[in-house]
Amino acid sequence: KNTRDARRVNDKFAPLREGFQLLNNVLPKYRIAGKDTTVAEMLPLFRGKCPVKVFLKEKPGKYGMLVRILADCEYRYVHSMEVYAGKDGTTPESRGPREVVNRLIAPIKNTGRNVTTDRYYTSVELAEDLYSDYNTTLVGTMRNNRKHIPEELKTTGRDLYSSKFAFTDPASQKPPVTLVSYIPKPKRNLIMLSSQHHDAKVMEEGKKKSDINLYYNATKGSVDQMARKYTTKRSTQRWPLSMFYTLIDIACINAYTMYILNFPEWNKTKNSRRRLYLQQLGLQLIM
């Protein structure tokens, strides 16, 4: 506490930085990530005075502290996390989407895993970097104004549920990247990227989604909703305490995953076994 004011000059998150980093350092030690991971965002809600508070209109609650995480898609285990603490003390080069993803995937670099990202992070440059430097593939949605997207993929006047593909030229000797343009609604274009898929395979029936689209839908889930459903949070005007509650929620999600993997038959037939686990955990901590 005696050095907090000095640390706040370059770090708005200084009151909780040490505790946050302590938990972040131990997260990857207890479970190896599955083959499918996702980079996602959590927004722990907070409306009081806070130097790291952000506004995200697409998130429920809209106001809070932004936490970016790398999570296992199958078991929702959090392997690493990073809080957005503003621009103080950081260079523009370290705040970009590519840099954020490169830091978050540290536990899975050079392991052959896949990372699923949303349109804020996904780019051809990131896919090529991950493939060539870290033996990691990338699947995600893209913004239409990203570089390297051919003009033919940006058109919207096509048949409903039609797909158009673009592939990296093998002669360029660059990492293989596949782009697909899909029309889910009239006059709407969804562009997706994959360095894992290398063909133009689509469903023959229904909405005729591509394999890339189906894979993205299956692996884009996160732990944000899990943390909101069962939370330790209580009303407070102190933002470090509010964030501390979120850290406890993340630790409880990981602990539940580890417990179920070790005791898969425990309350297996009950839909509320996560709630039962948290009740049991709370009582044991009290004792």
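Just so we're clear, the structure is a prediction, and the values are computed from it rather than from any experiment.

Draft legend 1. Summary view of the overall build of the protein chain. A count of helices and strands for the protein chain gives ten helices and ten strands. In terms of C-alpha radius of gyration, the protein chain reaches 21 Å, essentially the compact-globule figure of 19 Å for 287 residues. Principal-axis analysis of the C-alpha atoms gives the protein chain an extent of 60 × 50 × 35 Å. Put simply, the protein chain has 287 residues, and 44% of those count as buried. For the protein chain, long-range pairs separated by at least 24 residues make up 56% of all intrachain contacts whose partners lie at least 6 apart in sequence. When the accessible surface of the protein chain is totalled, it reaches about 16,100 Å², and 52% of it is carbon and sulfur.

Draft legend 2. Quick look at the pairing of strand E4 (residues 67-72). Burial runs high along E4: six of the six residues are buried. Pairing analysis gives six bridges linking strand E1 (residues 36-42) to E4, with the strands arranged antiparallel. Looking across to E4, one finds that Thr38 is bridged to Ala71. Judged from the five bridges that link them, E4 and strand E5 (residues 78-83) form a sheet pairing that is antiparallel. In the strand pairing of E5, Arg68 is matched with Glu82.

Draft legend 3. Layout of the sheet that holds strand E8 (residues 163-167). Read from one edge to the other, the open sheet built from eight strands follows the order E5-E4-E1-E6-E7-E10-E9-E8, with strand pairing classed as mixed. Single-partner strands in this sheet number two, and they are E5 and E8. Strand-to-strand twist of the sheet, defined as the mean angle between neighbouring strand axes without regard to direction, takes the value 15°. Alignment of E1 against strand E6 (residues 114-117), held across three bridges, turns out to be parallel. Bridge pairing in E6 places Thr38 opposite Thr116. Strand contacts of helix H4 (residues 97-104): E1, E4 and E5, with the helix running at about 140° to E5, the strand carrying the most contacts.

Draft legend 4. Highlighting the nonpolar core. In terms of nonpolar packing, the biggest core is built from 25 residues, with Phe13, Ile69 and Met81 touching the most fellow members. Those elements that place two or more of their residues in this core are helix H2 (14-26), E1, E4, E5 and helix H9 (239-262). In terms of residue count, the dominant contributor to this core is H9 (five residues). Residues in contact with Met81, not counting those within four places in the same chain, are Phe20, Leu23, Asn24, Leu27, Val67, Arg68, Ile69, Leu104, Leu247 and Ile250. If you look at the next biggest cluster of nonpolar residues, it comprises 23 residues, including Val115, Ala166, Leu179 and Leu193.

Draft legend 5. Representation of the layout of surface pockets. In this structure, the largest pocket occupies an estimated 1,200 Å³ of space. Considering the residues around the largest pocket, the lining is formed by 39 residues, among which Asp118, Arg119, Thr141, Tyr216 and Lys220 are closest to the centre. Broken down by secondary-structure element, the contributors of at least two residues to the lining of the largest pocket are E1, E6, strand E7 (137-142), strand E10 (190-194), helix H7 (211-219) and helix H8 (224-229). Per element, the largest residue contribution to the lining of the largest pocket is four residues, and it comes from E1. Broken down by class, the residue content of the lining of the largest pocket amounts to 14 nonpolar, eleven polar and 14 charged.

Definitions and limits used
- Residues numbered from 1 in each chain as written.
- Predicted model: local features only at pLDDT ≥ 70, side-chain atom pairs only at ≥ 80, totals over all residues.
- Heavy atoms only, no water.
- Helix = DSSP H or I, 4+ residues; strand = E, 2+ residues; numbered from the N terminus.
- Rg over C-alpha atoms; globule rule 2.2 N^0.38 Å.
- Buried < 20%, exposed > 50% of the residue type's maximum accessible area, 1.4 Å probe, protein only.
- Contact = heavy atoms within 4.5 Å.
- Areas by Shrake-Rupley, 256 points an atom, 1.4 Å probe, with all protein chains shown as cover.
- Pairing = 2+ DSSP bridges.
- Axes fitted to C-alpha atoms, helices over the stretch in contact; angles between N-to-C directions.
- Core = buried A, V, L, I, M, F, W, Y, C linked by side-chain atoms within 4.5 Å.
- 1 Å grid on protein atoms, 1.4 Å probe; cavity = no way out; pocket = protein on both sides within 12 Å on 5 of 7 lines; lining within 4 Å.
- Points joined across faces, edges and corners; volume = space filled by probe spheres on them.
- Nonpolar A, V, L, I, M, F, W, Y, C, P; charged D, E, K, R; others polar.

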